[in-house]
Structure formats: structure tokens, C-alpha cells
Amino acid sequence: MTPRDSALLGHDGAWREWTAALESTRMHHGWILAGPKGLGKGAFARAAARALVAEPGVHQPEGAHPDILLLDPLPANEDEEKKREEGKPYQTKRNISIDQIRRMQGRLVTRPTLGSRRAVIIDPADGLEKASVNALLKSLEEPPAGTYFLLVTHQPGRLLPTVRSRCRILRFPALDAAQIDAILRREEPSADAETRAAAIAAAAGSPGAALAFVGRDLGPIHGLMQRIMREGDGAFALRGALSEAIGARPDRERVLATLDLARATLAEDLASASRARQIKLIAAHEAVTKLSAQAPTYNFDPGLLIMEIGGLLASAAVPREAAT
């Protein structure tokens, strides 16, 4: 699978819009790639940039391209920089600094290296410092010849109106279940149907979230959550099994993924539930959402938190008289 094909998964419409722009005589110099997290906007931007700078008869390098400039948050320290170089997950500084923007602008003074066009990818664009945005505006207002900007964001509303007004927006909607299932079958062929179904439920339209879910092996947990919601107060053993399945000392990412799955599981029956049960489902969903908001910064006991999740799922159980 080529890099472009991978970035295209679920985004054929966006790619058609991009290629049509490339073939036009009046290509817009600024683009905002906007949509929820985990849709692959960054990968799409890199594929789009390679298509932009490619020219007939000009050899294109396999690795980093000299006419594609990437601005992203820098690693927090030297150790994290080493992880970045090794292709491992790394902790970043929070924002893209004005120094990064100025260095980019210094490179734009010269002509593109291999062809007539150059791409600048800013990912995430909502991670720009205020001073960085003001500096970037100068380049957007008077872009060097042959230079095109791709701003990747899941929060386009956080970009200044002056930035948005100088860019064309390329939207990336959340994918439907069939599209995500096709991606999982292609990218994770060993995942069974139960795991795929759980990943789709937890992903909320994000293929990136679905793929991450499969990597954490949470598929069987979805079935346990559904059983707890069926048995309610009588599901003490199942709640213990839920804690055991998640693990005695799960890392924070696994806990957050479990919370996402609990929210998705509670939402599955909402449309078809009776009014009385809808109230219970909504209350439990709100409680799990509150736990999700606290989890990234709260020093919790994972075991107790998982038991609390089990209790909230049980509180939304189908009334026994309705189930019989």
C-alpha cells in the first residue's frame, strides 16, 4: 500500500477536491484541513504535499522531501527528541513557536529545490502560539511564489478569522461504521469480528481511534460491558471480570480507551430504549464522561476506577420486568 493510498482511506472526496485544485490554473495558496481527531488529516496532508511538489521528469526522493516543510510541536527535551528520531511516541512542547515560524520564513526566501512548488505543513495549526500566528499571517498575506500552506486542525474555530479568511477549507467528516470496518479489515486483518465491532463502537467515527483500540486488545471487554448492562445489580462477578480483563495496573491510555468504550456502550441502546431507561443511560453516560475529563490529570487508583465504571454500567441496566 502506497503512502497516498493509506492517507486516502475513507477520504476519497477530499482527495478528489485536492487533485482538482492541483489541475486548476488558480490553485489557492492556503488550505485548512479540518475534522475530528484521528481521521488521518496529517497523513493526508503529507500525501497531498507530495502530489503538489511532484513534477513530470523530476526524480522524487523516497524519504524526506526538500520542498516539503513540516512544522509541528518540538519534543520536550533531548530524550524525547531521540524517541522522535527513532519513530517512537514522544512528549512534545505544547505549541509551535515563533522561532519555528521565522526559520520556516527564512527558508522560503530561496526558490524550491527540485521543482517550481513547495508545501508547508503546520500540524496542528491550533497549536500555534499567538505570536506565531501573527508572524504566519505575513506569509499567508504575501506568499512566496510557488509556496502553499496546509494547516491541519481539529479545532478550526480556534484559528483567527484572519487566518481562516486567507485559506480554503478542506473538510474531513467522521467516517461511518462500514468505512471504519473496511479500514480495520485492511490494516488489522487478524482482528476478529468482536474486536472490530467494539473498536467501531468506541471510535466515534475516527479510524485512528479504532486502530488504537484494536492495538490495546479491548474487544472482549465490550461484550463484558454489554452483559453488565443486561444483568444490572446482579453483575458483581462480571464487574470483577471486567477489572481482571483490563488488568491490575493498566496504563493511562488503556484506562482512557476503556472509558471511551463505556460511553459508546451506553449510547448503543439509547435510540431504542424506553423513556425511563433513556434517563438512566444518559445519567450513566454523563458520569462516565466526567470521569473521562478527570482521568488525564487525576491520580486515581485504576482498579477502583474500573469498578466504578462497572457500577455505572450496571446502573443503566434493562429493568428486569422489561427484560422478561
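Definitions and cut-offs
Residues numbered from 1 in each chain as written. Predicted model: local features only at pLDDT ≥ 70, side-chain atom pairs only at ≥ 80, totals over all residues. Heavy atoms only, no water. Helix = DSSP H or I, 4+ residues; strand = E, 2+ residues; numbered from the N terminus. Contact = heavy atoms within 4.5 Å. Areas by Shrake-Rupley, 256 points an atom, 1.4 Å probe, with all protein chains shown as cover. Lys, Arg positive; Asp, Glu negative; His and termini not counted. Charge placed at Lys NZ, Arg CZ, Asp CG, Glu CD. Salt bridge = Lys/Arg side-chain N within 4 Å of Asp/Glu carboxyl O. Buried < 20%, exposed > 50% of the residue type's maximum accessible area, 1.4 Å probe, protein only. Pairing = 2+ DSSP bridges. Axes fitted to C-alpha atoms, helices over the stretch in contact; angles between N-to-C directions. Parallel < 35°, antiparallel > 145°, perpendicular 65-115°, else oblique. Left-handed = near helix turned anticlockwise from the far one by under 90°. Nonpolar A, V, L, I, M, F, W, Y, C, P; charged D, E, K, R; others polar. Right-handed = clockwise from strand over helix to strand, strands pointing away. Core = buried A, V, L, I, M, F, W, Y, C linked by side-chain atoms within 4.5 Å. Phe/Tyr/Trp six-rings, centres within 6.5 Å; stacked < 30°, edge-to-face > 60°.

Before going further, it helps to examine the overall build of the protein chain. Within the protein chain one finds 16 helices and 5 strands. Long-range contacts, defined here as pairs at least 24 residues apart, represent 74% of the contacts in the protein chain between residues at least 6 apart. Approximately 17100 Å² of the protein chain is accessible, and the part contributed by carbon and sulfur atoms is 51%. Taken as two groups, the 42 positive and 39 negative side-chain charges of the protein chain have centres that lie 5 Å from each other.

All right, on to the environment of L136 then. In this structure, L136 sits in helix α6 (residues 130-141). C-alpha of L136 to C-alpha of M27: the two residues are 109 residues apart in sequence and 19 Å apart in space.

Moving on to the pattern of salt bridges. Under the defined criterion, the tally for this structure stands at 6 salt bridges. The shortest N-O distance in the salt bridge between R196 and D181 comes to 2.9 Å. Of this pair, R196 sits in helix α9 (residues 193-203) while D181 sits in helix α8 (residues 177-187); the two residues are 15 residues apart in sequence, bridging distant segments of the chain. No difference in accessibility class separates R196 from D181, as the two residues are buried. For R263, the salt bridge identified is with D260, shortest N-O distance 3.1 Å.

Our focus in this paragraph is the side chain of H11. Assignment of secondary structure puts H11 in the loop between α1 (3-8) and α2 (12-23). Each residue touching H11, except ones within four places of it in the same chain, is listed here: L39, F44, F172 and L175.

Further remarks concern the sheet that holds strand β3 (residues 118-122). Reading across the sheet, the 5 strands line up as β2-β3-β4-β1-β5 and stay open at both edges, with parallel pairing between neighbours. In this open sheet, the two strands that pair with only one neighbour each are β2 (68-71) and β5 (168-171). Sheet twist, expressed as the average angle between the axes of neighbouring strands with direction ignored, equals 20°. Pairing of strand β1 (residues 30-34) with β5 involves 4 bridges; the strand directions are parallel. Considered in β5, the bridge of A34 is made with R171. With respect to the sheet, α2 is in contact with β1, β4 (147-153) and β5, its orientation differing from that of β5 by roughly 150°.

Their axes nearest at 8 Å, the elements helix α5 (residues 98-107) and α6 cross at an angle of 20°. In terms of their interaxial angle, α5 and α6 are classed as roughly parallel. Here the hand of the crossing between α5 and α6 comes out left-handed. Between α5, through I98, I101, M104 and Q105, and α6, the contact on the second element is made entirely by A131, S132, A135, L136 and S139. For the contact of α5 with α6, the residue count by class is 6 nonpolar, 3 polar and no charged.

The element β4 is extensively covered by neighbouring structure, given that 7 of its 7 residues are classed as buried. The two faces of β4 match: T147, F149, L151 and T153 on one face and Y148, L150 and V152 on the other face are all buried. The pairing of β3 with β4 spans 5 bridges and is classified as parallel. When the sheet's bridge partners are listed, I122 is paired in β4 with L151. In this region the chain leaves β3, passes through α6 and returns to the parallel neighbour β4; the handedness of that crossover is right-handed.

So, on to the environment of V255. Locating V255 in the fold gives a position in helix α13 (residues 252-268). C-alpha separation for the pair V255 and I306, spaced 51 residues apart in sequence, amounts to 8.0 Å.

This part takes up unusual backbone geometry. In this structure, P124 follows D123 across a cis peptide bond, with omega equal to 5°. Relative to the elements of secondary structure, P124 occurs in the loop between β3 and α6.

Quick look at the nonpolar core now. Ranked by size, the top nonpolar core spans 67 residues in total, and within it W18, M27, L33, F44, L150, L242 and L266 carry the most contacts. Excluding its chain neighbours within four sequence positions, the residues that come into contact with L33 are K41, F44, A45, L150, L151, V152, T153, L170 and F172. Counting 23 residues, the second-largest nonpolar core is a separate cluster that includes I96, L136, L140 and C167.

A few words on the packing of aromatic side chains. Within the structure shown, the criterion is met by 3 aromatic pairs. Measuring from centroid to centroid gives 5.4 Å for W15 and F44, while their planes differ by 80°, and the two rings are edge-to-face. Of the two residues, W15 sits in helix α2 while F44 sits in helix α3 (residues 41-53), which places them 29 residues apart along the sequence. There is no split in this pair, since W15 and F44 are both buried. Grouped by ring-pair contacts, the aromatic residues W15, F44 and F172 constitute a single cluster.

As far as function goes, none of this settles anything; it's purely spatial.
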